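Inside the fold
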Amino acid sequence: MEAATAVLEPHSIPFEHALPAIHIRKRAVVKRLFETLPALITLAVISFLVWGPIFVPIPFVLAILAFHA
């Protein structure tokens, strides 16, 4: 008598159960971070004109001079 073997096809397991939930959540957070990164960089560059001279005056002046050059 042969032993019964269970063969799982790759498509028989739903995707939600194929990976642990924490891995899916981590991927979602990383994806969301990369989606918001361009907006955060743009906001930082535009707001640099306001907070740049206050907090980092020398790099601010160098950046302005380099931009105008």
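Everything numeric here is computed off the predicted structure, so don't read it as measured data.

Looking only at helices and strands, the chain features three helices and zero strands. The linear arrangement of helices and strands in the chain, starting from the amino end, is α-α-α. For the chain, with 69 residues in total, the buried portion stands at 4%. Total accessible area on the chain stands at roughly 6700 Å², and carbon and sulfur atoms take up 74% of it.

Its 12 residues place the ends of helix 3 (residues 57-68) 17 Å apart at the C-alpha level, agreeing with the 16 Å of an ideal helix rising 1.5 Å per residue. Little of helix 3 sits inside the fold, with one of its 12 residues counted as buried.

What follows covers the confidence of the model for the chain. Overall, the prediction assigns the chain a mean pLDDT of 80, with 67% of residues at 70 or greater. Per-element confidence in the chain ranges from a low mean pLDDT of 56 for helix 1 (residues 15-18) to a high of 93 for helix 3.

Take the packing of aromatic side chains next. Enumeration over the complete set of coordinates arrives at two aromatic pairs. For the pair Phe48 and Trp51, a centre-to-centre distance of 5.0 Å together with 80° between the ring planes defines the contact as edge-to-face. Here the residue Phe48 and the residue Trp51 both occupy positions in helix 2 (residues 21-55), the gap between them amounting to three residues, near one helical turn. Looking at Trp51, the relative accessible area reads 34%, which means it is partly exposed. Considering the side-chain rings of Phe48 and Phe60, the 5.3 Å spacing of their centres and the 55° angle between planes classify their relative orientation as tilted. With Phe48 in helix 2 and Phe60 in helix 3, the pair connects residues that are 12 residues apart, well separated along the chain. Here a set of aromatic residues connected by ring pairs shows up, and it is made of Phe48, Trp51 and Phe60.

Scanning the model with the defined rule gives one salt bridge in all. Put simply, Glu35 and Arg32 hold a salt bridge, and the shortest N to O gap is 3.8 Å. Residue Glu35 and its partner Arg32 are both found in helix 2; the two are separated by three residues, about one turn of the helix.

Cut-off values and rules
Residues numbered from 1 in each chain as written. Predicted model: local features only at pLDDT ≥ 70, side-chain atom pairs only at ≥ 80, totals over all residues. Heavy atoms only, no water. Helix = DSSP H or I, 4+ residues; strand = E, 2+ residues; numbered from the N terminus. Buried < 20%, exposed > 50% of the residue type's maximum accessible area, 1.4 Å probe, protein only. Areas by Shrake-Rupley, 256 points an atom, 1.4 Å probe, with all protein chains shown as cover. Expected span 1.5 Å × (residues − 1). pLDDT = per-residue confidence, 0-100. Phe/Tyr/Trp six-rings, centres within 6.5 Å; stacked < 30°, edge-to-face > 60°. Salt bridge = Lys/Arg side-chain N within 4 Å of Asp/Glu carboxyl O.

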